[in-house]
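# Observations on the three-dimensional arrangement
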Amino acid sequence: MSACLDAITRRFGDGGPSGEGAEDNDLIRRVLSRKTVRRYSDRMPAEELLDLLVACALSTSAKSDFQQVSILRVRDQEKRSAIGKLFPARPWIGIAPVFLVFRGDARRLQRIGEMRGKPVENGTLEGFFNASIDAALAMQTMILCAESAGLGVCPISVIRNEVDNVAAILGLPDLVFPVTGLCLGYPQGEGHVSLRLPRSVTTHSDRYDDAALDAGIDDYDHRRHALHAIPKEQQRANAEFGAADFYGWSEDKARQAAKAEGAAFPPYLRAHGFRFD
């Protein structure tokens, strides 16, 4: 029996491949079992550990070795509080022991072009895309390394919804933009493993095929609801869409996506050096 079977079952519960026969691997089991953490103890991670985690994050893969990520640790309590007040439903932003912002940094490469007398214009779609991916890869690498050291994390993508205010608080220049925040600290409590979509929906062979999407999502909705149902008082936009008798994951996400988030992000980017050619 696969050493990862229990972790795979908790993560997917879809009856898919179990990894049976694969050699046991501690990192793989940790990744399969990882949890988002929003409650932290008062214990502050050691500065030496945080330095190592930053080094790990910056050791991740980078598009063409351009290395278009920068990491900002928000130490100033007034700045932390100012950002936290923008998102009152997420108090962990202001109280987590450590709060970092991973930024796509298209500015650095353009400045290097100026330094070397080369015509680098990095406010293109390619420049934005590459910098965004570099930042996301760096954050995910830090997450995995932090969790291996006993820390818990919570990514904060919602900061893009208030990008003008966040950028002003953090003093971000043109061509540098927040991709996500990251709360980090020692967990207080266990949390739970979030059930993921069935792999029959998200994994394809040789060509894209979503013929099984309806059945797969319906099955997933009911299995997830049985594990951790969304309370009726947390249904979104009932005034617009009405209360649902059965409110599964797909209903929740369809309602969330129908009320577009991050409307301020595209105009902010265009006003700060990106033209997306």
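Structural notes, computed from the coordinates. (Residues numbered from 1 in each chain as written. Predicted model: local features only at pLDDT ≥ 70, side-chain atom pairs only at ≥ 80, totals over all residues. Heavy atoms only, no water.)

## Examining the overall build of the protein chain
Helix and strand content of the protein chain: 13 helices and four strands. In summary, the protein chain has a C-alpha radius of gyration of 21 Å against a globular reference of 19 Å for 277 residues, a match within 12%. The principal-axis extent of the C-alpha atoms belonging to the protein chain is close to 55 × 50 × 45 Å. Every one of the 277 residues in the protein chain was classed for burial, and the buried ones make up 37%. Pairs at least 24 apart in sequence give 77% of the contacts found in the protein chain among residues at least 6 apart. By element, 52% of the accessible surface of the protein chain is carried by carbon and sulfur atoms, the whole surface being about 15,700 Å². The positive charge centre, built from 35 side chains, and the negative charge centre, built from 37, are 5 Å apart in the protein chain. (Helix = DSSP H or I, 4+ residues; strand = E, 2+ residues; numbered from the N terminus. Rg over C-alpha atoms; globule rule 2.2 N^0.38 Å. Buried < 20%, exposed > 50% of the residue type's maximum accessible area, 1.4 Å probe, protein only. Contact = heavy atoms within 4.5 Å. Areas by Shrake-Rupley, 256 points an atom, 1.4 Å probe, with all protein chains shown as cover. Lys, Arg positive; Asp, Glu negative; His and termini not counted. Charge placed at Lys NZ, Arg CZ, Asp CG, Glu CD.)

## Quick notes on the sheet that holds strand 1 (residues 69-73)
An order of 1-2-4-3 is seen for the four strands of this open sheet, with the pairing classed as antiparallel. The open sheet has two free edges, formed respectively by strand 1 and strand 3 (152-156), since each of these has just one partner strand. In this sheet, neighbouring strand axes are inclined to one another by 25° on average, regardless of whether the strands run parallel or antiparallel. (Pairing = 2+ DSSP bridges. Axes fitted to C-alpha atoms, helices over the stretch in contact; angles between N-to-C directions.)

## Notes on helix 7 (residues 125-148)
With 24 residues, helix 7 extends 35 Å between its outermost C-alpha atoms, agreeing within 8% with the 34 Å of an ideal straight helix rising 1.5 Å per residue. Of the residues flanking the end of helix 7, it is G150, one or two places downstream, whose phi is positive at about 90°. (Expected span 1.5 Å × (residues − 1).)

## Here's the deal with the side chain of S194
Following the sequence through the fold, S194 ends up in the loop between strand 4 (176-185) and helix 9 (199-202). Those residues in contact with S194 that lie beyond four places of it in its chain are R11 and R224.

## Thoughts on the environment of G181
By secondary structure assignment, the location of G181 is in strand 4. With 110 residues separating them in the primary sequence, G181 and I71 have C-alpha atoms 9.6 Å apart. For G181, the contacting residues outside a window of four places in its chain are F99, L100, V101, M139, C154, P155, I156 and I159.

## Some thoughts on helix 4 (residues 77-85)
R80, I83 and G84 are the residues of helix 4 that are buried. Projected onto a plane normal to the axis of helix 4, the buried residues spread over an arc of 100° and lie on a single side. In helix 4, the exposed residues that point more than 90 degrees away from the buried face are E78 and K85. Contact partners of the buried residues in helix 4: helix 5 (92-95), strand 2 (98-105) and helix 8 (163-170). The backbone nitrogen of E78 has a side-chain oxygen 3.0 Å away, supplied by the residue at the start of helix 4, namely D76. (Arc of directions from axis to C-beta. Polar contact = N/O pair within 3.5 Å; in protein donor to acceptor, adjacent residues only side chain to side chain.)

## Some words on the pairing of strand 4
It is a general feature of regular strands that their side chains alternate between the two faces of the sheet. Strand 4 sits mainly inside the fold: ten of its ten residues count as buried. Of the strand pairs in this sheet, strand 2 and strand 4 are connected by eight bridges, and their pairing is antiparallel. Considered in strand 4, the bridge of F99 is made with C183. Bridge analysis of strand 3 against strand 4 gives five bridges, and the strand direction is antiparallel. For I156, the partnering residue across the bridge sits in strand 4 and is G181.

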